[in-house]
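Per-entry structural report
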Amino acid sequence: MFTLQKVDEPETHSPAPKRRLAAAAVAEGDSCEFGSQKYFILCGFGGILSCGTTHTAVVPLDLVKCRMQSADSCEFGSMKYYALCGFGGILSCGITHTAVVPLDLVKCRLQVDPAKYKSIFNGFSVTIREDGVRGLAKGWAPTFIGYSMQGLCKFGFYEVFKILYGDLLGEENAYMWRTSLYLAASASAEFFADIALAPMEACKVRIQTQPGYANTLRECAPKMYAEEGLWAFYKGVVPLWMRQIPYTMMKFACFERTVELLYKFVVPKPRSECSKPEQLVVTFVAGYIAGVFCAIVSHPADSVVSVLNKEKGSTAAQVLKRLGPK
């Protein structure tokens, strides 16, 4: 079974315990060969659970964000409009990512130490046994700060670039090529959003995946800076782009086009005639569908981000080579 160990780490375990561990894992059905078809299926299923469920759970916040972005609240394209879009991003990203920190903590530990944390349920059990219930909240501060900044940039800049690119194309071309417009605007926005997220993401992963390294953001950030300098906070930005840019492109494009298709082929009346509860149902369904596709395209790079931020001195290419199919 694949494990993440430094090459210079002395072999202190005897062959017998390793065989017992492997046999137990196979007997329990919690493990599988790294890089196998079952492994990729489980990764994708975990992504569906973490993204589809959480995105669906925050549909009310997303609906509020959409209402805040509507032309009824302020002039379209005004500074107030962009500010409200950014604030909606803070609500939809910062609060919701913080709410699922326990699940995110176990996910990161599964990615960096699959020998110890063999499944979601086993990961929760081991974490509670070692750190108590409070241990599940490790990393909440960098999560809240980092994803609030990411949401501010993601939703704010998305509207900026969508309007900018739409003006460059012209009204008719912008409508004809609206899917490409959504993709380009979301990719541009996420590029800057990940730069804002990277420092806090690095701290979060270090806190969650290195027991004993640091328990709080105030303790972790100065320690990382003293050991590796400013690079410690940004060495994961390239894998973040690999994970988040496809994720966000899929998120915005899939959501916008799914909403269009639902109103065209499923909802029996125009959107303007739908009540708020009916519009909420459409938003719910479109958000869930978008979340599933987001998880599928972003999960491989998510594993790289977790491992890279845990290890000192590693590069994205080294981690990709080590984690890739054998």
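What counts as what
- Residues numbered from 1 in each chain as written.
- Predicted model: local features only at pLDDT ≥ 70, side-chain atom pairs only at ≥ 80, totals over all residues.
- Heavy atoms only, no water.
- UniProt positions renumbered as here; feature names shortened; annotations may be inferred.
- Helix = DSSP H or I, 4+ residues; strand = E, 2+ residues; numbered from the N terminus.
- Contact = heavy atoms within 4.5 Å.
- Salt bridge = Lys/Arg side-chain N within 4 Å of Asp/Glu carboxyl O.
- Buried < 20%, exposed > 50% of the residue type's maximum accessible area, 1.4 Å probe, protein only.

- Labelled according to an unreviewed UniProt entry, the chain appears under the name Solute carrier family 25 member 3, originating from Cirrhinus molitorella.
- The chain has a UniProt comment under Subunit (unreviewed entry) that states "Interacts with PPIF; the interaction is impaired by CsA."
- Under Catalytic activity (unreviewed entry), UniProt gives the following word-for-word description of the chain: "phosphate(in) + H(+)(in) = phosphate(out) + H(+)(out)".

Structural notes on the environment of Leu-136
- With respect to the helices and strands, Leu-136 occurs in the loop between helix 6 (120-131) and helix 7 (140-169).
- C-alpha of Leu-136 to C-alpha of Phe-124: the two residues are 12 residues apart in sequence and 8.0 Å apart in space.
- Those residues in contact with Leu-136, other than ones at most four positions away along the chain, are Val-101, Pro-102, Leu-105, Phe-124, Thr-127 and Ile-128.

Observations regarding the side chain of Ser-186
- As for its placement among the helices and strands, Ser-186 is situated in helix 9 (residues 178-209).
- Every residue in contact with Ser-186, bar those within four places of it in the chain, is listed here: Tyr-158, Thr-248, Met-249 and Phe-252.

Comments concerning the pattern of salt bridges
- Under the definition given, this model contains 15 salt bridges.
- For Lys-116, the salt bridge is made with Glu-130, and the minimal N-O distance between the two is 2.9 Å. Linking Lys-116 in the loop between helix 5 (101-112) and helix 6 with Glu-130 in helix 6, this pair joins segments that are 14 residues apart in sequence.
- The partner of Glu-260 in a salt bridge is Arg-178, and the shortest N-O contact between them spans 3.1 Å. On the criterion of sequence distance, the pair formed by Glu-260 in helix 12 (residues 237-266) and Arg-178 in helix 9 is long-range, its members being 82 residues apart.
- The class of Glu-260 is partly exposed, set by a relative accessible area of 28%.
- Among the residues examined, Arg-178 registers a relative accessible area of 15% and is labelled buried.
- A single network of salt bridges, built from pairs that share partners, joins Asp-104, Lys-107, Glu-201, Lys-204 and Arg-243.

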